[in-house]
Amino acid sequence: MKSDEPKKKYQLEKTESKENWDVENNTNKYFEEEFPNELKFFLQQSFIGNNEGNEQNPDPSWISSSIWDSLIHINNLPRFQGILGSFMHNTKEWRKYYISSMPEKEILPSDWSNKIRGFSLVLFIKILRSDRLSATIEDFVKLNIGTEFIKSKPFNLEKQIKKIDKEGKNVPILILISSNVDPWIYIEQLAQKNNRMVSQLSLGQGQLERAKGKISKAIQEGFWVFLGNIHLSISFLKEYEMINNLLNSSKKHPNFQLFLSSKAIPEISLTLLLNSNRMILEPLKGIKPNLSKIISNLIPIFRPFEERDSILEFVYYRKLIFVLAWFHTSISERKKFRSLGWNCIYEFPDTDFVFSEKMIHDFIVSGQKNGDSIFQWDSLRFIIGQINYGGRITDNNDQKLLNELVNNIFSEEIFTTKGFVLAKSNNGQFKVPSDLDDSIAILKTKNAAAINTIFNSLNNGLLEYIKSLPDEESPEIFGQHINAEITMKIEDSNRIVDIISNIQSNNSSLNKKDEEKELIHLFENLIEKIA
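To keep things clear, this report deals only with the structure shown in the data block. Being a predicted model, the structure only gives us computed values, none of them experimental.

Thresholds applied
- Counting of residues starts from 1 at the beginning of each chain's written sequence and follows it residue by residue.
- Side-chain atom pairs in this predicted model are given and counted only at pLDDT of 80 or more, local residue features only at pLDDT of at least 70, and totals for whole chains, interfaces and linings cover all residues.
- As a convention, hydrogens and water are excluded, and side-chain values are obtained from all of the structure's heavy atoms.
- Each helix corresponds to a stretch of at least 4 residues labelled H or I by DSSP, and each strand to a stretch of at least 2 residues labelled E; elements are numbered beginning at the N terminus.
- Three exposure classes are used, based on accessible area relative to the maximum for each residue type with a 1.4 Å probe and protein chains only: buried under 20%, partly exposed in between, and exposed over 50%.
- Contact between two residues is taken to exist if any of their heavy atoms lie within 4.5 Å; hydrogens are not considered.
- Note that accessible areas follow from Shrake-Rupley with a 1.4 Å probe, and for residues the cover is restricted to the protein chains shown.
- One requirement defines pairing of two strands: DSSP has to find at least two bridges between them.
- Helix axes are fitted only over the stretch in contact, all axes being lines through C-alpha atoms; the angle between N-to-C directions runs from 0 to 180 degrees.
- An angle below 35 degrees is read as roughly parallel, one above 145 as roughly antiparallel, one from 65 to 115 as roughly perpendicular, and any other as oblique.
- Handedness of a crossing is defined here by the sense of rotation of the near helix relative to the far one, left-handed for an anticlockwise turn of less than a right angle and right-handed for a clockwise turn.
- Surface patches are drawn from residues lacking salt bridges whose relative accessible area is over 30%; two like charges belong together within 9 Å, two nonpolar side chains (Val, Leu, Ile, Met, Phe, Trp, Tyr) within 5 Å.
- Salt bridge, as used here, is a side-chain nitrogen of Lys or Arg placed within 4 Å of a carboxyl oxygen of Asp or Glu.
- In this charge count, Lys and Arg are treated as positive and Asp and Glu as negative; neither His nor the chain ends contribute.
- Charge positions are represented by NZ for Lys, CZ for Arg, CG for Asp and CD for Glu.
- Stacked, edge-to-face and tilted labels apply to pairs of Phe, Tyr and Trp rings (six-membered ring for Trp) whose centres lie within 6.5 Å, assigned for plane angles under 30 degrees, over 60, and everything in between, in that order.
- Ring-over charges, as used throughout, are those where CZ of Arg or NZ of Lys falls within 6 Å of the ring centre and within 35 degrees of the ring normal.
- For our purposes a nonpolar core is just a set of buried Ala, Val, Leu, Ile, Met, Phe, Trp, Tyr and Cys residues, chained together by side-chain atoms within 4.5 Å.
- Helix span is expected to be 1.5 Å times the residue number reduced by one.
- By the convention adopted, Pro, Cys, Tyr, Trp, Phe, Met, Ile, Leu, Val and Ala count as nonpolar, Lys, Arg, Asp and Glu as charged, and the other residues, Gly among them, as polar.

Quick word on the overall build of the protein
When its secondary structure is counted, the protein shows 23 helices and nine strands. Taking all 531 residues of the protein together, 45% fall into the buried category. Long-range pairs, those at least 24 residues apart, make up 74% of the contacts in the protein with a sequence separation of at least 6. Looking at the protein as shown, the accessible area adds up to about 28,900 Å², and 51% of this sits on carbon and sulfur atoms.

Now the structure itself:
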């Protein structure tokens with residue numbers, strides 16, 4: 001087993017030549033001798049001077065001065081020796097590589113792919129196309145340690161409850177949150193599913209006694225309690241030792257459960273951290289993970305079909321909810337384009353979706369009861385565009401944009417067009433899944449029990465459809481030019497480097513004398529240029 005460990009760890013380096021592989025020490029010389037220097041260059045934001053050979057930039061029209069200076073510096077690294085000469089003699093080939101939409105997946109010119117691979121490719125992409133650094137790092141991590149390390153883990157509160165029931169340890173569930181997220185929706189949905197009563201209280205100044213009273217009552221009567229934003233109540237955090245004694249009471253009802261939400265702050269009691277099940281709830285990035293979250297958590301089981309309900313109502317509800325999920329995620333993700341997405345930055349929390357979902361259901365049911373044969377699209381668009389989501393818009397031009405998006409998506413074509421297209425890109429189309437269109441034939445059976453069974457199984461089909469969507473989202477999905485996200489991706493790349501740099505500086509074992517020599521050498525080069 002031991003002999004397999006290094007191969008797995010350095011999977012991206014499996015093409016290393018045999019002379020570079022030290023079998024006795026079970027290590028790879030690249031990671032001992034070359035990687036530290038490449039990492040040092042990777043963490044360096046810019047390069048100045050040191051052009052001792054006076055190499056001239058062969059084509060400044062696309063090779064910027066910062067790229068050229070960086071290439072001059074890495075030319076001395078073992079895997080990059082000769083890269084300057086290659087750029088000077090094969091400028092056209094390198095330009096084709098440079099303008100590629102996904103250069104990290106292309107073969108490098110002049111057989112450089114045999115030299116620049118693994119982390120070396122990460123460094124090279126950071127220098128040449130920093131907007132593609134994030135995607136390159138994802139590929140690097142995926143190949144080395146697995147896909148699970150690049151995907152956000154879904155927030156699964158139900159799994160935690162089952163774990164507590166199985167272990168028989170009724171401890172609080174502490175949900176660590178970031179800005180603009182609220183776990184209440186998930187707790188409320190889970191309580192309804194498990195037929196539990198749940199009481200909610202948002203903590204703040206003067207709420208300590210009310211919180212203690214709710215906990216005491218819930219312990220006796222056996223219902224759930226959710227205390228939100230406990231980080232806003234320092235008095236609650238200070239008195240948690242006493243509250244913990246209350247939670248350990250032998251008279252505690254078996255159905256009692258305490259949920260707490262808090263930002264990560266130093267004042268959180270160590271007792272709470274050690275005696276709780278901890279979860280993290282943070283905003284997900286991307287249409288694909290957010291669609292999956294909505295289908296899995298916010299509507300885990302679609303509203304059941306009843307004999308009194310019409311087939312038309314059932315079809316309308318199913319399709320509209322998927323379209324609403326798409327609409328919610330797409331307008332939320334527009335903020336990544338900064339001012340090109342919205343003039344002002346808006347947060348559309350999950351509560352906007354939940355309220356709209358309930359409104360759509362009630363809207364359809366009431367319309368059917370009143371015998372309306374024509375769907376009231378104008379009313380639906382007004383409530384979604386002007387009230388539920390439009391209520392957060394503060395800019396007139398943003399409101400016009402939102403209205404246009406609502407009008408384009410929520411229309412009669414959802415029901416009359418098979419595979420209604422929601423958005424197009426060069427990666428493919430995003431459309432209403434065919435499972436939802438095929439449901440019409442199933443509904444003609446008019447068997448409520450059979451329909452519910454098929455309906456719930458199709459919920460898993462929707463998740464499978466979402467998994468098939470491309471991981472990387474083209475700006476065209478949002479009606480943007482392909483270059484619209486370059487600024488955003490460069491900023492994300494700089495943020496990644498800053499985070500790694502901070503971690504590295506906190507755990508650095510670099511020789512301080514070497515750093516001083518490097519600085520002296522840099523200043524000498526600058527003085528020579530100035531003189």
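Here's the deal with the pairing of strand β3 (residues 173-177)
Burial analysis of β3 places five of its five residues in the buried class, the great majority of the element. Where burial is concerned, the two faces of β3 agree: the one with I173, I175 and I177 and the one with L174 and L176 are both buried. Two strands pair when backbone bridges link them, and β3 and strand β6 (residues 257-262) are joined in this way by four bridges, in the parallel orientation. The residue of β6 that forms the bridge with I173 is F259.

Thoughts on the packing of helix α2 (residues 29-43) against helix α6 (residues 119-128)
Packed helices, taken two at a time, are described by their axes: the angle between them and the distance between them. Packing of α2 against α6 brings their axes to within 10 Å, and their N-to-C directions diverge by 15 degrees. Viewed along their axes, α2 and α6 adopt a mutual orientation that is roughly parallel. The handedness of the crossing between α2 and α6 comes out as left-handed. Touching Y30, F35, E38, L39, F41 and F42 of α2 are F119, S120, V122, L123 and K126, all from α6.

Digging into a positive patch on the surface
On the surface, a cluster of positive charge is contributed by K153, K159, K163 and R278. Residue placement: K153 occurs in the loop between α7 (133-145) and α8 (157-167).

What about the packing of aromatic side chains?
Scanning the model with the defined rule gives 24 aromatic pairs in all. Centre to centre, the rings of W342 and Y346 are 5.7 Å apart; their planes meet at 85 degrees, and the pair counts as edge-to-face. Comparing W342 with Y346 shows no difference in burial state: the two are buried. An aromatic cluster is defined as three or more aromatic residues linked by ring pairs; in this entry it consists of W62, F80, F87, W94, Y97, Y98 and F124. K115 extends its terminal NZ or CZ atom over the ring of W112, reaching a point 4.7 Å from the ring centre. Note that K126 overlies the ring of F42, its terminal NZ or CZ placed 5.7 Å from the centroid.

Some words on the nonpolar core
Counting 71 residues, the largest nonpolar core has L157, L320, F327, I360, L380, I384 and F410 as its most contacted members. Ranked by the residues each element gives to this core, the list is headed by helix α15 (residues 311-333), at eleven residues. Not counting chain neighbours up to four residues away, the residues in contact with I360 comprise Y317, L320, I321, L324, L380 and I384. Judged by nonpolar contacts, the second largest core, of 34 residues, contains W62, F87, L128 and L133.

Description of the sheet that holds β6
If you trace the five strands from one edge of the open sheet to the other, you get β4-β5-β6-β3-β7, paired in parallel fashion. Lying at the two open borders of the sheet, with one neighbouring strand each, are β4 (198-202) and β7 (277-281). Taken pair by pair, the neighbouring strands of this sheet meet at an average axis angle of 20 degrees, ignoring direction. Note that strand β5 (residues 224-228) and β6 share four bridges and pair parallel. Directly across from W224, in β6, lies its bridge partner Q257. The strands touched by helix α9 (residues 184-193) within the sheet are β3, β4, β5, β6 and β7, with β5 carrying the most contacts at an inclination of about 175 degrees. Running at roughly 165 degrees to β4, helix α10 (residues 208-221) makes contact with β4, β5 and β6 of the sheet.

A look at the pattern of salt bridges
One pass over the structure, following the stated rule, counts 17 salt bridges. Close ionic contact of D131 with R129 constitutes a salt bridge, the shortest N to O distance being 2.9 Å. Judged by its relative accessible area of 11%, D131 is buried. Shared partners join several salt bridges into a network, and the residues in it are E158, K162 and K193.

Some remarks on α7
Between its first and last C-alpha atoms α7 spans 18 Å; for 13 residues at 1.5 Å apiece the expected length is 18 Å, and the two agree. Among all positions in α7, only L133, A135, T136, I137, V141 and N144 are buried.

Overview of the packing of helix α17 (residues 377-388) against helix α18 (residues 396-409)
Packing of α17 against α18 brings their axes to within 9 Å, and their N-to-C directions diverge by 150 degrees. In this view, α17 runs roughly antiparallel relative to α18, as classed from their interaxial angle. In this structure, α17 crosses over α18, and the sense of that crossing is right-handed. Of the residues in α18, those in contact with R381, I384, G385 and Q386 of α17 are Q399, L402, N403, V406 and N407. Here the contact of α17 with α18 is composed, by residue class, of three nonpolar, five polar and one charged.

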